[in-house]
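# Fold and geometry: a report
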There are 2 protein chains.
Amino acid sequence: MKKTITFAKLKNVRLRDGVFGPRLEQWKRVTIPSVIEKTVETGRIDAFDLAWKEGMEKKPHYFWDSDVAKVMEGIAYDLALEKNDELEKLYDGWVKKICSAQQEDGYLNSCISSIEPEKRFTNLASKHELYCAGHLMEAAVAGYEELGKKELLECLCRYADYLCRTFGKEEGKRRGWPGHEEIELALAKLYKVTGKKSYLDLMRYFIDDRGTEPNFFLEEGAVRNMTIIRNQQAAEPVRDLAEAYGHAVRCVYLLCGMADLAGLDDDRTLFDACERLFRDITERKMYITGGIGSSFSGECFSCSYDLSNGSLMYAESCAAMGLALFVSRMFLLTGEGKYMDVLEKCLYNGILSGISFHGDKFFYTNYLEVDENLQTYNFGAKTRQEFFSCSCCPTSFARFLPQIGKFLYSIDEEKEEIRLNIPAANSAQLELAGKTVLLEVEGDYPYDGAVRIRIGSEEEFALRLRIPSWCRKYEVKLNGEKADFFLPKRKWRKGDEVELLLDMPPRFVYADSRVTGNCGRCAILRGPVVYALEELDQTCPVREMILDRSKALSIVPLPSSFPEGIRGAAIAGKAFREKRESASLYTEEPGVYEETNFLAVPYALWQNRGETNMAVWVRYMQK
Amino acid sequence: MKKTITFAKLKNVRLRDGVFGPRLEQWKRVTIPSVIEKTVETGRIDAFDLAWKEGMEKKPHYFWDSDVAKVMEGIAYDLALEKNDELEKLYDGWVKKICSAQQEDGYLNSCISSIEPEKRFTNLASKHELYCAGHLMEAAVAGYEELGKKELLECLCRYADYLCRTFGKEEGKRRGWPGHEEIELALAKLYKVTGKKSYLDLMRYFIDDRGTEPNFFLEEGAVRNMTIIRNQQAAEPVRDLAEAYGHAVRCVYLLCGMADLAGLDDDRTLFDACERLFRDITERKMYITGGIGSSFSGECFSCSYDLSNGSLMYAESCAAMGLALFVSRMFLLTGEGKYMDVLEKCLYNGILSGISFHGDKFFYTNYLEVDENLQTYNFGAKTRQEFFSCSCCPTSFARFLPQIGKFLYSIDEEKEEIRLNIPAANSAQLELAGKTVLLEVEGDYPYDGAVRIRIGSEEEFALRLRIPSWCRKYEVKLNGEKADFFLPKRKWRKGDEVELLLDMPPRFVYADSRVTGNCGRCAILRGPVVYALEELDQTCPVREMILDRSKALSIVPLPSSFPEGIRGAAIAGKAFREKRESASLYTEEPGVYEETNFLAVPYALWQNRGETNMAVWVRYMQK
């Protein structure tokens with residue numbers, strides 16, 4: 001496994017494209033201030049004062065620390081991208097608060113320490129202590145790596161040291177597994193910045209011991225239900241996992257940790273398990289948008305091919321982000337394009353759909369079909385909400401969105417190679433073997449396949465351009481001369497220009513017929529972007545629309561009804577409306593077909609113009 | 001409103017047809033013994049000893065009395081249809097047990113009296129006391145009417161007298177509404193057999209006061225949630241109901257009581273409300289099978305046109321039976337065929353689907369589509385179960401099935417007219433204005449449209465044959481001569497023969513396009529029978545099947561795989577299989593169409609050959 005590839009540093013890539021760019025602006029302007037406000041308002045930050053007493057409002061909840069940590073990770077990225085004294089003051093204040101809640105032995109959890117300090121680690125299956133610890137570690141690493149701040153990192157190292165003393169198979173330690181995986185990947189980060197082998201050991205223990213007999217969760221006794229144990233991927237050792245099951249976010253977080261450990265230990269069996277689950281997820285359990293965890297009940301993976309578009313579906317925003325984090329790790333281990341294809345799919349579709357363009361409203365459930373006549377499960381809101389009771393999705397966006405830029409490039413130190421993974425417009429200043437490489441990427445990707453890459457510094461490196469799997473035809477030119485997607489190591493000159501032309505016609509895509517609800521339906525994609533029909537753009541209800549695949553699709557501007565700042569392209573085509581005159585509930589009238597037009601817009605932009613019916617999978621005329 | 005029409009007496013119609021006949025045999029041979037066994041085994045009958053103490057097993061539940069009552073109603077019908085000394089002994093013993101639990105003041109409830117006698121009527125919203133009272137009254141009336149037994153009737157009259165003293169708007173009485181409606185229709189029955197006006201008054205009170213301000217359920221305080229109050233049709237006065245909502249069984253039971261009261265009081269506004277809801281249900285909220293209450297969540301009516309076929313759907317067996325009871329009352333009030341059309345639809349489809357042919361397993365949820373790749377909500381079992389924790393559906397079948405025969409005929413005393421509503425083969429001995437009319441109906445309805453009616457007694461009466469709304473062409477002959485469906489009053493001669501020929505081609509039926517999931521799909525019906533494709537009869541997965549409507553459908557024998565005793569006809573036709581060679585989850589391959597055949601079987605017979613995928617609504621080739 002390769003271990004020399006890394007993604008770009010977050011602050012070294014400035015997004016200037018029409019999709020991520022404006023989202024980042026909204027993230028900075030709206031999302032971050034709003035999650036900060038909610039973190040304060042709901043009592044989450046003051047919980048670290050450990051001053052809550054029975055009878056008071058704002059009782060700390062056992063997942064609160066993770067929300068605070070994710071917001072802090074987001075703030076660290078914000079400060080890394082742009083200096084802001086006021087925000088930094090707030091950040092430093094929060095660090096002090098968090099550190100002040102640390103117990104003498106290193107333990108740190110605002111909820112348990114306030115409410116039931118005697119119950120530390122007594123219900124690992126459900127109480128999320130180790131999950132919170134993991135997110136705090138991630139926040140601490142971000143603060144250190146991006147801002148050079150050590151206070152929180154040292155605090156979390158003390159906590160990690162305490163955990164190392166507490167958990168393990170060695171004499172004097174106790175067994176224990178996280179009920180909600182996350183600390184595994186966090187310990188890998190902590191190990192990488194500190195070099196402390198005990199963190200790697202603890203991570204390895206959590207991964208290797210999980211699911212072995214006797215089952216810790218049964219021994220712990222808080223959970224006796226095998227469904228819940230399966231929900232937590234703890235019914236068998238992780239190397240024996242044959243398929244992805246249980247809570248989707250937990251599953252992909254575990255997979256992140258496993259992939260990290262596979263790389264750190266050069267552990268082939270662990271990598272093979274990751275690869276097996278990657279295939280299971282992407283070949284049987286993933287929406288075309290990159291959404292995963294199709295079952296609302298338990299927020300879980302369902303059986304293979306159960307990918308219904310409405311009603312009981314889930315596809316949580318956090319799960320799509322988790323899948324992106326997992327496949328990005330698999331990419332770093334292998335350099336294989338198939339992982340980048342999935343990452344790109346998640347980024348442009350199933351992740352961005354979860355947040356309103358303005359950055360203030362969120363989906364937990366990312367439906368692929370909404371219709372006023374289709375019920376949804378009670379909690380599957382059909383409109384984006386300002387969630388903040390269980391605020392995992394909003395806080396995930398707070399920390400995930402600013403990281404998108406780093407995925408655009410990967411750097412192979414050994415080969416002195418820069419890869420352009422996703423050619424969205426950006427200015428980059430990349431570090432490669434001590435050199436600084438300046439690159440400007442121009443164009444309107446993913447709404448246009450013509451990309452221009454201008455080299456801004458005279459350094460020696462190879463440049464590899466990704467040809468996405470959806471692309472059937474491409475051209476590369478170097479200073480106007482035909483070239484290959486791989487441009488071997490050379491001494492570049494300032495002003496050198498590489499042109500990449502990805503052929504990007506709109507295309508009809510079909511699902512495996514085992515996806516029952518998609519039989520007779522197609523989706524429209526262009527490049528990596530999945531399109532959807534919002535009813536407000538159509539001449540008739542989406543459910544009556546039958547696409548005419550024999551007529552050409554054309555790329556047209558987005559309707560002007562979209563809020564200012566949204567960029568993108570719509571796709572227009574011909575369709576039939578199937579209509580019955582009879583207004584009776586059941587009729588023998590076979591219906592008539594009227595010719596009409598349809599307009600599809602990027603799925604990730606849906607519901608930014610109010611509530612309307614929507615479908616990604618639409619019927620097509622069969623012959 | 002007509003009040004002179006009645007249905008035949010239960011014991012006066014002996015079913016000899018191929019659908020109801022064998023079901024009645026199984027009911028007698030299997031269902032009744034099995035529900036008796038479960039009633040004893042689970043402690044439901046011994047609960048009337050009031051001997052349960054904390055710590056003992058088999059803790060009485062507040063709906064248990066209703067189960068016992070429904071089983072007793074079923075036993076009464078069984079005894080009415082055929083003498084059985086042993087069963088009668090058991091029945092009499094149960095009556096004694098029940099009566100022994102009656103309190104001095106008349107109150108009767110095995111659960112409350114055992115567990116919390118001080119809490120009588122303190123939680124009408126949820127505790128089902130009045131619901132249980134209603135079912136016990138129905139059982140008592142059945143025992144009296146069918147068997148001439150008075151003990152239980154007198155016991156329930158004492159209870160009803162107590163309820164009359166307790167509830168009402170008069171000084172000294174308290175307000176109260178049943179949380180689960182049922183007692184309204186039961187009081188109507190009790191009033192009809194006893195003539196006691198106070199029962200009618202109490203019934204009228206329950207109906208008139210329901211939903212008025214101040215809302216009793218809010219005042220009672222056990223329920224503060226308006227969703228639950230709506231669930232119980234108590235958010236507005238019943239005459240103001242604009243649409244059917246809330247718990248479907250409760251709603252149709254309330255409608256039964258309202259229809260009864262409309263008839264008894266000649267109350268037009270009440271009738272109008274019933275008619276409004278009849279239209280709302282049948283024009284917007286009813287499956288093609290007669291199933292209602294499409295929302296699993298709360299077992300409720302959903303919004304208009306939300307009639308999804310799998311996943312979140314419900315269509316409880318009890319609700320289909322309740323709808324049959326409601327429309328049968330509307331028919332008696334008006335004589336209008338539209339109600340009989342719905343009754344017939346329920347009987348042959350949405351009701352019989354709920355019980356296995358062998359009479360021992362039951363659906364709560366009557367799915368219209370089952371596919372191994374489609375998840376269902378946790379409790380929506382895909383296979384029929386031997387339910388007996390909440391056993392409303394099994395016990396509903398126990399009392400409902402034997403009543404089917406009586407719906408076949410209605411009798412208009414005033415006009416001296418006999419109507420043959422459903423021409424299933426039977427032998428009848430009808431009472432009409434003091435005369436006894438013998439009729440033999442022969443044929444294989446609903447699998448054949450040719451029906452022969454032989455008159456067996458020399459009496460004067462008019463005979464009216466129902467022409468179902470699904471029938472486009474029919475013929476009637478009287479002793480070989482062309483005649484009309486209405487045969488005016490005449491003196492019949494023994495041996496007179498009426499032939500009815502209902503044209504009954506298989507037909508494709510479509511749903512209003514607002515039923516999102518049925519767009520592009522059709523159902524196959526023949527006569528009143530809804531058909532379904534079970535995958536085990538097909539050459540390919542049902543989800544890949546596209547029906548070819550341009551080719552003729554043919555009527556063929558049922559596959560031999562059906563258990564012995566099942567009669568019926570299957571429908572064969574041509575179809576295309578849509579196939580993609582690519583095994584990838586998403587592909588651009590447009591697919592190919594292979595010609596194939598399909599076979600459809602009556603929906604009510606599905607899943608009598610093991611688990612298999614099934615669909616009522618199947619895709620069709622568009623042009």
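In short, a report on the structure. (Residues numbered from 1 in each chain as written. Chains lettered and ligands numbered in written order. Predicted model: local features only at pLDDT ≥ 70, side-chain atom pairs only at ≥ 80, totals over all residues.)

Residue-level contacts link 48 residues of chain B with 48 residues of chain A. Residue assignment for the side of chain B that touches chain A shows that the elements contributing at least two residues are α12 (268-284), β14 (507-511) and β20 (586-587) of chain B. Take the side of chain B that touches chain A: its biggest share by element is five residues, from β14(B). Residue composition of the side of chain B that touches chain A, by class: 17 nonpolar, 16 polar and 15 charged. (Contact = placed C-beta atoms within 7 Å. Helix = DSSP H or I, 4+ residues; strand = E, 2+ residues; numbered from the N terminus. Nonpolar A, V, L, I, M, F, W, Y, C, P; charged D, E, K, R; others polar.)

Turning next to the pairing of strand β10 (residues 474-478) of chain A. Residues and elements named next belong to chain A. Relative to strand β13 (residues 497-502), β10 runs antiparallel, the two sharing five bridges. Considered in β13, the bridge of Lys-477 is made with Glu-499. Note: β10 against strand β11 (residues 481-483), three bridges, orientation antiparallel. Looking at β11, one finds that Leu-478 is bridged to Glu-481. The turn linking β10 back onto β11 is made up of two residues, and Asn-479 within it adopts a positive phi angle of 50°. (Pairing = 2+ DSSP bridges.)

Turning to the packing of helix α2 (residues 64-81) of chain B against helix α3 (residues 85-100) of chain B, a few remarks are in order. All names here are of chain B. At their nearest, the axes of α2 and α3 sit 10 Å apart, and the two run at 145° to each other. In the packing of α2 onto α3, the handedness of the crossing is left-handed. Mapping the contact onto sequence places Met-72, Ile-75, Asp-78 and Leu-79 in α2 and Leu-87, Glu-88, Tyr-91 and Trp-94 in α3. In terms of residue class, the contact of α2 with α3 is built from six nonpolar, no polar and two charged. (Axes fitted to C-alpha atoms, helices over the stretch in contact; angles between N-to-C directions. Left-handed = near helix turned anticlockwise from the far one by under 90°.)

Turning to the sheet that holds strand β9 (residues 460-465) of chain B, a few remarks are in order. Residues and elements named next belong to chain B. Reading across from one edge, β1-β4-β5-β9-β12 is the order of the five strands in this open sheet, with mixed pairing throughout. Strands at the two margins of the open sheet, each flanked by one partner only, are β1 (5-7) and β12 (486-491). Along the sheet, successive strands turn relative to each other by an average axial angle of 20°, direction set aside. As judged from the four bridges shared by strand β4 (residues 409-412) and strand β5 (residues 417-420), these two strands associate in the antiparallel manner. Opposite Tyr-409, over in β5, you have Leu-420 as the bridge partner.

This part covers unusual backbone geometry. The residue after A:Glu213, namely A:Pro214, is reached through a cis peptide bond having omega -10°. Tracing the chain through its elements places A:Pro214 in the loop between α8 (197-209) and α9 (216-220). The omega torsion of the bond from A:Tyr445 to A:Pro446 falls at 5°, within 30 degrees of zero and hence cis. Secondary-structure assignment places A:Pro446 in the loop between β7 (435-443) and β8 (450-455). We note that B:His128 has phi near 60°; this positive angle belongs to a residue other than glycine. Judged by the 25 C-beta atoms lying within 10 Å of it, B:His128 falls in the buried class. We note that B:Gln233 has phi near 50°; this positive angle belongs to a residue other than glycine. You can call B:Gln233 buried: it has 24 C-beta atoms within 10 Å. (Buried ≥ 20, exposed ≤ 12 C-beta atoms within 10 Å, placed from the backbone.)

Geometric values such as these leave the question of function open.
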